[in-house]
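# Examining the three-dimensional arrangement
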Amino acid sequence: MDNFWKNKTVAVTGAFGFVGSRMCNTLSSLGANVYGFIKPANPFTFSPIDEMPGKYIWNYKRDSFSKSLTVIANNIIDFPLNDPNMMQAVLGNIGGNGVDIVIHLAAQAIVTKAGNTPYYTISNNISSTHGLLEACLNIGRNKNISVVLASTDKVYGNQPVLPYTEDMNLLGAGPYDASKVCCDVLARCYAQSGLNIGITRNANIYGPNDYNTSRIIPGTIISVLNGEMPVIRSDGKPMRDYLYIDDCINGYLLLAELLYDKSIKSGEAYNLSSNSPINVIDLYKKILSSCGKMDIEPRILSQAKTEIEKQWLNSDKIRKLGWKSEVGLDEGLSKTVEWIKEKL
């Protein structure tokens with residue numbers, strides 16, 4: 001993989017997000033020329049590090065602690081994705097010869113926020129994807145490019161049989177879920193028009209770079225380390241599978257490479273998961289153990305009434321291409337705890 005990525009021009013949308021920031025750093029370490037796209041008027045403050053060209057520091061304060069990440073990219077582009085003509089002009093010229101690979105991560109992905117702001121979530125997620133795919137289609141008429149669209153297990157919705165497989169109908173009904181279903185359909189539509197694109201449907205991603213306290217893993221770790229009572233929004237019974245961030249990124253990169261080399265068919269979806277579902281209470285106990293605590297009772301809110309009780313994925317399809325999840329849950333939690341300790 002190292003030789004493949006060297007000097008490739010790669011655009012990453014959502015570059016300052018949880019996955020996006022780590023994706024930029026990983027690509028940079030592989031020798032790619034990385035262009036990170038962020039939302040216009042991004043509320044985060046960032047600045048280049050003068051003595052380290054291509055590195056940016058992202059800072060802001062929330063929940064009484066400071067967030068700081070280093071995002072390595074050749075350029076940070078503050079630009080709307082939903083204007084296909086402008087996106088084509090930008091992507092068609094970055095790096096001198098235009099983009100080689102696009103990894104589309106940008107989305108409003110917080111499920112609880114989506115429930116409160118459905119119009120924004122749906123319009124933002126769909127329009128940005130639509131504009132980007134149109135631009136990539138036009139660029140791809142004149143040069144070889146590949147696109148990876150990050151989707152989610154939420155697109156499957158409430159299914160009578162588990163685990164989810166890629167051939168199931170997409171029944172996602174919540175605002176976030178439905179927006180990602182639409183993006184998934186758009187990707188397959190553009191594949192029929194000639195765009196070289198693959199879709200990843202991910203399990204719940206966790207690991208370093210995630211400061212979002214609404215998610216159970218970073219939220220619980222931060223609460224425990226700060227001596228606060230952790231909160232569980234559900235009744236503790238929902239079952240999910242969890243995927244360490246580096247395993248997720250490796251899946252994206254594998255698909256991008258295989259698409260670029262025309263080794264796999266365009267328009268296909270691939271589940272990324274650990275194939276190891278766990279309920280929320282058992283996950284909570286593992287988080288406590290990783291923090292060196294075993295005697296903290298959580299406050300259980302039982303408020304997640306609209307969430308699906310059981311969701312997990314079968315990832316055999318992408319495993320046949322050579323991918324697998326390398327980091328188990330216990331190891332991944334330990335890595336995450338150590339990273340958060342350094343940041344608090």
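Residues numbered from 1 in each chain as written. Predicted model: local features only at pLDDT ≥ 70, side-chain atom pairs only at ≥ 80, totals over all residues. Heavy atoms only, no water.

## Thoughts on the overall build of the chain
Heads up, the condition is: Strands here mean DSSP runs of E at least two residues long; helices mean DSSP runs of H or I at least four residues long; both are numbered from the N terminus. Accessible area is worked out with a 1.4 Å probe on protein chains only. A residue is then buried under 20% of its type maximum, exposed over 50%, and partly exposed in between. The contact definition used throughout considers only heavy atoms, calling two residues in contact when any of these lie within 4.5 Å.
Each helix and strand counted, the chain has eleven helices and 16 strands in total. Relative to its full complement of 344 residues, the chain shows a buried share of 52%. A separation of at least 24 residues holds for 78% of the contacts in the chain among residues at least 6 apart in sequence.

## Considerations on the pairing of strand β7 (residues 101–104)
Within a regular strand, side chains alternate between the sheet's two faces. Our working rule: When DSSP finds two or more bridges between two strands, those strands count as paired.
Going residue by residue along β7, you find Ile101 and Ile103 tucked away on one face and Val102 and His104 tucked away on the opposite face as well. Inspection of the sheet shows strand β1 (residues 9–13) paired to β7 by four bridges, in the parallel sense. Paired with Ala11 across the bridge in β7 is Val102. Here four bridges tie β7 to strand β8 (residues 146–152), and the two strands are oriented parallel to one another. The residue bridging His104 from the neighbouring strand is Leu149, located in β8.

## Considering the sheet that holds strand β14 (residues 269–272)
Going by this rule: Think of each axis as a best-fit line through the C-alpha atoms, taken over the contacting stretch in the case of a helix, with angles from 0 to 180 degrees between the N-to-C directions.
The strand order across the open sheet formed by seven strands is β6-β2-β1-β7-β8-β9-β14, and the pairing between neighbours is parallel. Edge positions in the sheet fall to β6 (75–78) and β14, since each has one partner strand and no second. Strand-to-strand twist across the sheet, computed as the mean angle between neighbouring axes with direction ignored, equals 20 degrees. With four bridges connecting them, strand β9 (residues 197–202) and β14 associate as parallel partners. Bridging across to β14, Ile199 finds its partner in Ala269.

## What to know about the nonpolar core
Convention followed: Residues enter a nonpolar core if they are buried and are Ala, Val, Leu, Ile, Met, Phe, Trp, Tyr or Cys, with the set joined through side-chain atoms within 4.5 Å.
Core analysis: the biggest nonpolar cluster contains 68 residues, and Trp5, Met23, Leu27 and Tyr252 have the highest contact counts within it. Counting residues per element, this core draws most heavily on helix α8 (residues 245–260), at eleven residues. Among residues more than four places away in sequence, those in contact with Tyr252 are Val19, Met23, Leu105, Val148, Ala150, Thr200, Asn202, Ile205 and Leu272.

## Quick notes on the packing of aromatic side chains
Where two aromatic rings form a pair, the distance of their centres and the angle of their planes describe that pair. Counted only if it meets this: Only rings of Phe, Tyr and Trp enter the pairing, Trp through its six-membered ring, and a pair is recorded when the two centres are within 6.5 Å. The plane angle decides the type: under 30 degrees is stacked, over 60 is edge-to-face, the rest tilted. For a ring to carry a charge above it, either NZ of a lysine or CZ of an arginine must fall within 6 Å of the ring centroid while also lying within 35 degrees of the normal to the ring plane.
Throughout the structure, instances matching the rule amount to four aromatic pairs. Residues Tyr156 and Tyr164 carry aromatic rings whose centres are separated by 4.7 Å and whose planes lie at 25 degrees to one another, so their mutual orientation is stacked. No difference in accessibility class separates Tyr156 from Tyr164, as the two residues are buried. Taking 5.6 Å as the distance between ring centres and 70 degrees as the angle between the ring planes, the aromatic pair formed by Tyr206 and Tyr244 counts as edge-to-face. Linking Tyr206 in strand β10 (residues 204–206) with Tyr244 in strand β13 (residues 242–244), this pair joins segments that are 38 residues apart in sequence. Exposure class is identical for Tyr206 and Tyr244. Each is buried. One cation-aromatic arrangement involves Lys8 over Phe4; the distance from NZ or CZ to the ring centre is 4.4 Å. Lying over the aromatic face of Tyr270, Lys317 brings its terminal NZ or CZ to 4.7 Å of the ring centre.

## Some points on the pattern of salt bridges
Put simply, the test is: In the sections that follow, a salt bridge refers to a side-chain nitrogen of Lys or Arg positioned within 4 Å of a carboxyl oxygen of Asp or Glu.
Overall, the coordinates contain ten salt bridges when judged by the stated rule. Note that Lys154 is salt-bridged to Asp153, the shortest N-O span being 2.9 Å. For the pair Lys154 and Asp153, one class covers both residues: buried. Each of Asp184, Arg188 and Arg201 takes part in salt bridges that share partners, so that together they form one network.

## Structural notes on helix α2 (residues 18–29)
The cut-off we apply is this: In this scheme, a helix's expected span is set at 1.5 Å multiplied by one less than its residue total.
Compared with the 16 Å implied by 1.5 Å per residue over twelve residues, the 18 Å span of α2 between its first and last C-alpha is a close match. Among the residues of α2, those classed as buried are Phe18, Val19, Gly20, Ser21, Arg22, Met23, Cys24 and Leu27.

## Some points on the packing of helix α5 (residues 118–140) against helix α6 (residues 175–192)
Cut-off, in case you're wondering: Just so you know how the angles are binned, under 35 degrees is roughly parallel, over 145 roughly antiparallel, 65 to 115 roughly perpendicular, and the rest oblique. Crossing handedness: left-handed means the near helix sits turned counterclockwise from the far one by under a right angle, and right-handed means the same turn made clockwise. Any residue outside Ala, Val, Leu, Ile, Met, Phe, Trp, Tyr, Cys, Pro, Asp, Glu, Lys and Arg is labelled polar, Gly included; the first ten of those are nonpolar and the last four are charged.
Two elements in contact, α5 and α6, have axes separated by 9 Å at closest approach and are oriented at 15 degrees. One way to sum up the angle between α5 and α6 is to call them roughly parallel. You can see that α5 and α6 cross each other, and the crossing is right-handed. Facing α5, whose interface residues are Pro118, Thr121, Ile122, Asn125, Ile126, Thr129, His130, Leu133, Glu134 and Leu137, α6 presents Pro175, Tyr176, Ser179, Lys180, Cys182, Cys183, Leu186, Ala187 and Tyr190. Broken down by class, the residue content of the contact of α5 with α6 amounts to twelve nonpolar, five polar and two charged.

## Comments concerning unusual backbone geometry
Following Leu162, the chain continues into Pro163 via a peptide bond in cis, with omega recorded as 0 degrees. Along the chain, Pro163 falls in the loop between β8 and α6. The phi torsion at Asn209 lies on the positive side, around 90 degrees, for a residue other than glycine. Mapping Asn209 onto the fold places it in the loop between β10 and α7 (216–225). A positive phi angle, close to 60 degrees, is found at Lys262, a residue other than glycine. Take Lys262: it is sitting in the loop between α8 and β14.

Everything listed is a geometric property; what it means functionally is a separate question.
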